[in-house]
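This is what each chain is made of:
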Amino acid sequence: MGTLTRIRDWFATPKFQVRRFDAAGGGRRAHGFGTFGRTQTEVSGAAYTVRSRARALAVNQPFLANAVGNWVGSLFGCGIVPTGDAEAVAHFNAWAENADFDGRTDFWGLQADIARSLVVDGESFVQLVYSDSGVKLRLIPAELVDESRTAELANGGYVVNGVEFDASGQRVAYWVRPQKPNAAFESYAPPVRVPAAEIRHIFRPIGVGQVRGISWLAPVIIPANEFDAIQDALSVGVKVSAMHAGFLVDLNSTGEPFEGDLSAVDLTPGTVRRLPQGVDIKFSSPEQTRETAAFLNFQLRQLAAGLGIPDHMLSGDLSNANYSSLRAGLLPFRQRCEQVQYSVLATQLLNPIWRAVMNFALLSGELKSVPRCEWLPPAWQQVDPEKAAEADKLELEAGLTSRRKLVAARGWSISDLDAEIAEDRAREKSLGLNFMGEANAQKAVQTPAAA
């Protein structure tokens, strides 16, 4: 083997193995890629702008307004109710009627406001106000928790965007800026330190170490804005095209004006009109509107995917849907809702409020203990209620659920429901009425004898 051959083989043989992620590489294919640093650092820099734009789109963009409403309705519905000890639940329900500090709504209405802030702003703050009459809930806008306050404290603690931590990393306080509802312009007032035990901060984190929330609309803000721009451009094009019925073309290039007035021509069906020699007419036919339907539908699907909802919950279009496709599309969405309900809302909002109300009742002597409770979201509305009722019946007969849970999922109290049923049966019997049907009545009479 010659010297040149050995040198060539030495350079051709790999001296080490290269291991890398293509997604982390450079070059032409990676051009235009953005990067994402620490979650809280990115959130701190973007939250204000994202929240402001999200609020604007949520009230001005029809499709996003529909999506936000559907998210809110799916998370809380008519209200997530507690179930458990009858006496404690009755006490909580009585408290819930006057839970709003502002006296505007009840606890179930506050849930809807909290859900909207959670979706649009990315976070919601609820202050527990204690008084001699009990616990009240007051909602705090996200911008009032001072985002500009970030500092190191002398005791080893620190403040991150208005949230204070002790030296061990536990939340101990929130810095809230006072503001009156009649303040028309943004102004700065020194924030007030509110203990963390009095504030419930609800948000769904997108990464570990996140302190403040980010709007759920963040992935679709730019696409939604571009979608509006496309719609505006198409609308203007159609309007301009509609202003011109047609255009006369001088085929002979004589430059002589056409002396006729086609605007007064009767264009009834079947009309034949003779034009002068050398003159042709072309009617306006906007080309941009012919192939845009599929493109706009693709844009809507992109927005729906970014929001994590089925297409029809964004567009409201059910023209291409059937029972099976609706069921298949709703299943993963309902799974997402349940994930938020049980891992975010129950842990960050509902359970702490239950404990606060029960502890106050315990200290005031209204209750003798603080029992646990289980929160049951409203049952999902079904396209086919008969099949849903049959499924509930089968689960109940198989011992896979209880009447208490099924009743609570419909937003009712089982004790109240049973009392109403017993009262109805007694009244019907006293009046000689029967609303059970002949077959069910005979079955109810024969069952004890057969047993």
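Remember, predicted model here, so these are calculated numbers, not experimental data.

1. Some points on the overall build of the chain
Then, number 1: If you tally the helices and strands in the chain, you get 13 helices and twelve strands.
Then, number 2: Relative to its full complement of 451 residues, the chain shows a buried share of 31%.
Then, number 3: Excluding contacts between residues fewer than 6 apart, the proportion of contacts in the chain whose partners are at least 24 apart in sequence is 66%.
Then, number 4: Accessible area for the chain stands at about 29000 Å²; split by element, carbon and sulfur atoms hold 55% of it.

2. Some thoughts on the nonpolar core
Then, number 1: Of all hydrophobic cores here, the largest spans 66 residues; its most connected members are L75, F92, W95, F107, L217, I309 and L314.
Then, number 2: Per-element accounting of this core gives the leading share, 14 residues, to helix α9 (residues 323-363).
Then, number 3: In terms of nonpolar packing, the next biggest core, distinct from the first, is built from 14 residues, A142, L144, F165 and V211 among them.

3. Quick word on unusual backbone geometry
Keep in mind that most residues, glycine aside, have a negative phi and that most peptide bonds are trans.
Then, number 1: Positive phi, normally seen in glycine, also occurs at N161, with a value near 50 degrees.
Then, number 2: Assignment of secondary structure puts N161 in the loop between β5 (158-160) and β6 (163-165).
Then, number 3: The class of N161 is buried, set by a relative accessible area of 6%.

4. So, the packing of helix α5 (residues 107-120) against α9
Then, number 1: Look at α5 against α9: their axes get within 13 Å of each other, and the N-to-C directions meet at 130 degrees. Classed by the angle they form, the pair α5 and α9 counts as oblique. Between α5 and α9 lies a crossing of right-handed hand. Contacts between α5 and α9 involve F107, Q111, I114 and L118 from the former and V340, L345, L349, L350 and I353 from the latter.
Then, number 2: Counted by class, the contact of α5 with α9 contains eight nonpolar, one polar and no charged residues.

5. Considering the confidence of the model for the chain
Low pLDDT marks regions whose predicted coordinates should not be analysed in detail.
Then, number 1: Here the chain averages 82 in pLDDT, while 76% of its residues score no lower than 70.
Then, number 2: This stretch, residues 447-451, has a pLDDT under 50; its non-local contacts, to residues over four places away or in other chains, come to zero contacts.

6. What about the sheet that holds β6?
Then, number 1: As summarised here, the arrangement of the five strands in space is β4-β5-β6-β7-β8, forming an open sheet in which the pairing is antiparallel. What marks the edges here is a single partner per strand, and that holds for β4 (151-152) and β8 (192-195).
Then, number 2: Pairing between β6 and strand β7 (residues 171-176): three bridges, direction antiparallel. Residue pairing in the sheet places E164 in a bridge with A173 of β7.

7. Quick notes on helix α12 (residues 414-431)
Then, number 1: With 18 residues, α12 should cover 26 Å at 1.5 Å per step; its first-to-last C-alpha distance of 26 Å lies within 8% of that length.
Then, number 2: By the burial criterion, the buried members of α12 are I414, L417 and E428. For α12, the angular spread of buried residues about the axis comes to 60 degrees, placing them on one side.
Then, number 3: Next to the buried residues of α12 lie α11 (403-409).
Then, number 4: Immediately beyond the C-terminal end of α12, within one or two residues, lies G432, with a positive phi of roughly 70 degrees.

Thresholds, definitions, all that
- In this convention, every chain numbers its residues from 1, walking through the sequence in written order.
- Owing to the predicted nature of the model, reporting of local features is limited to residues with pLDDT of at least 70; listing and counting of side-chain atom pairs is limited to 80 or more, with chain, interface and lining totals taken over all residues.
- With hydrogens and water set aside, each side-chain value is computed from the structure's full complement of heavy atoms.
- Helix and strand definitions follow DSSP, with helices as H or I runs of at least four residues and strands as E runs of at least two, each counted in order from the N terminus.
- Throughout, exposure labels follow a simple rule: accessible area from a 1.4 Å probe, protein chains only, divided by the maximum for the residue type, with under 20% read as buried, over 50% as exposed, and the rest as partly exposed.
- We call two residues in contact whenever any of their non-hydrogen atoms come within 4.5 Å of each other.
- Only the protein chains shown count as cover for residues, with accessible areas throughout obtained via the Shrake-Rupley method and a probe of 1.4 Å.
- Among buried residues, the Ala, Val, Leu, Ile, Met, Phe, Trp, Tyr and Cys ones that are joined through side-chain atoms within 4.5 Å form a nonpolar core.
- Note on geometry: axes are lines fitted to C-alpha atoms, helical ones only across the stretch in contact, with angles between N-to-C directions running from 0 to 180 degrees.
- The labels follow the angle: roughly parallel below 35 degrees, roughly antiparallel above 145, roughly perpendicular from 65 to 115, and oblique for the rest.
- Here is the rule for handedness: rotate from the far helix to the near one, and if that takes an anticlockwise turn smaller than a right angle the crossing is left-handed, while a clockwise turn gives right-handed.
- Classification convention: Asp, Glu, Lys, Arg as charged; Ala, Val, Leu, Ile, Met, Phe, Trp, Tyr, Cys, Pro as nonpolar; all other residues, Gly among them, as polar.
- Within a predicted model, pLDDT stands for the predictor's per-residue confidence, ranging from 0 to 100.
- When DSSP finds two or more bridges between two strands, those strands count as paired.
- In this analysis, the expected span of each helix is defined as 1.5 Å times one less than the number of residues it contains.
- The directions from the helix axis to the C-beta atoms form the arc being described.

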